Amino acid sequence: MATSSSPPQSDTEVVAERRGIPAASFVKDVQAYLNQLGLDVNSTLAFQQERLQQYKMVEMKLLAQQRDLQAKIPDIEKCLDVVATLQAKKDTDEALLTDFEVSEGIYSRARIENADSVCLWLGANVMLEYSCEEATSLLQNNLENAKASLEVLVADLQFLRDQVTITQVTIARVYNWDVHQRRVRQASSSQDS
């Protein structure tokens, strides 16, 4: 996330961050907030809008990561099922008949007898041969890691959504305060005339 010079936070608010995502501060008293920052309303609104855009950009990245993990978990589970099926068929000395994809939309039938090992894609065009036990262990570990990563990602997204809401409320409060102050100044100037 691109960082800009952030204004100082008020003393009454807890400042925290989660995995590099800065926490937004809720503004209770707009006048005190502006005085503390030493900024005018337009500068404060510009800063808050910039922060909101940063949050939106991080949210898009996290949502893409979440989609990738949600697609990856069923694939790992399917691989675990296939390895378990191969192990079960190996124990019964029964051949396994299966259809597999040769190319996009082209399938072939295979007869698998007594499979002692499987080949797993590791990524970056790398495939390694593992024994069924090693493959099960590796896939189980990958599944646990993916599920844990997804849980952390969901918590990050919730934190980020809270920060977006707080920032939007802050923008609205500062803007409404400014409108109110302008009306008060206008009413006092019209009464003086």
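Rules behind the numbers
- Residues numbered from 1 in each chain as written.
- Predicted model: local features only at pLDDT ≥ 70, side-chain atom pairs only at ≥ 80, totals over all residues.
- Heavy atoms only, no water.
- Salt bridge = Lys/Arg side-chain N within 4 Å of Asp/Glu carboxyl O.
- Helix = DSSP H or I, 4+ residues; strand = E, 2+ residues; numbered from the N terminus.
- Buried < 20%, exposed > 50% of the residue type's maximum accessible area, 1.4 Å probe, protein only.
- 1 Å grid on protein atoms, 1.4 Å probe; cavity = no way out; pocket = protein on both sides within 12 Å on 5 of 7 lines; lining within 4 Å.
- Points joined across faces, edges and corners; volume = space filled by probe spheres on them.

Colleague: Help me understand the pattern of salt bridges, please; the structure alone is not making it clear to me.
Modeller: Proximity of charged atoms lets side chains of opposite charge pair with each other. This structure, assessed with the given rule, holds nine salt bridges. Here R161 ties to E59 by a salt bridge, and the two come within 3.5 Å at their closest N and O atoms. Of this pair, R161 sits in helix 3 (residues 132-192) while E59 sits in helix 2 (residues 41-92), and the two are 102 residues apart along the sequence. Classification of R161 as partly exposed rests on a relative accessible area of 36%. The shortest N-O distance in the salt bridge between E77 and K147 comes to 3.7 Å. Of this pair, E77 sits in helix 2 while K147 sits in helix 3, placing them 70 residues apart in sequence.

Colleague: Whenever I open this one, the layout of surface pockets confuses me. Can you help?
Modeller: Its boundaries defined by the atoms lining it, the largest pocket holds a volume of some 930 Å³. Taken together, 28 residues form the lining of the largest pocket, with C79, V82, C119, L120 and W121 sitting closest to its centre. Residue assignment for the lining of the largest pocket shows that the elements contributing at least two residues are helix 2, strand 3 (96-103), strand 4 (106-112), strand 5 (117-123) and helix 3. In terms of residues, the lining of the largest pocket owes the most to one element, helix 2, which gives nine residues.

Colleague: Teacher, can you tell me more about the environment of D93 here?
Modeller: Structurally, D93 can be placed in the loop between helix 2 and strand 3. Put simply, D93 and N114 are 21 residues apart on the chain and 6.5 Å apart in space, counted from C-alpha to C-alpha.

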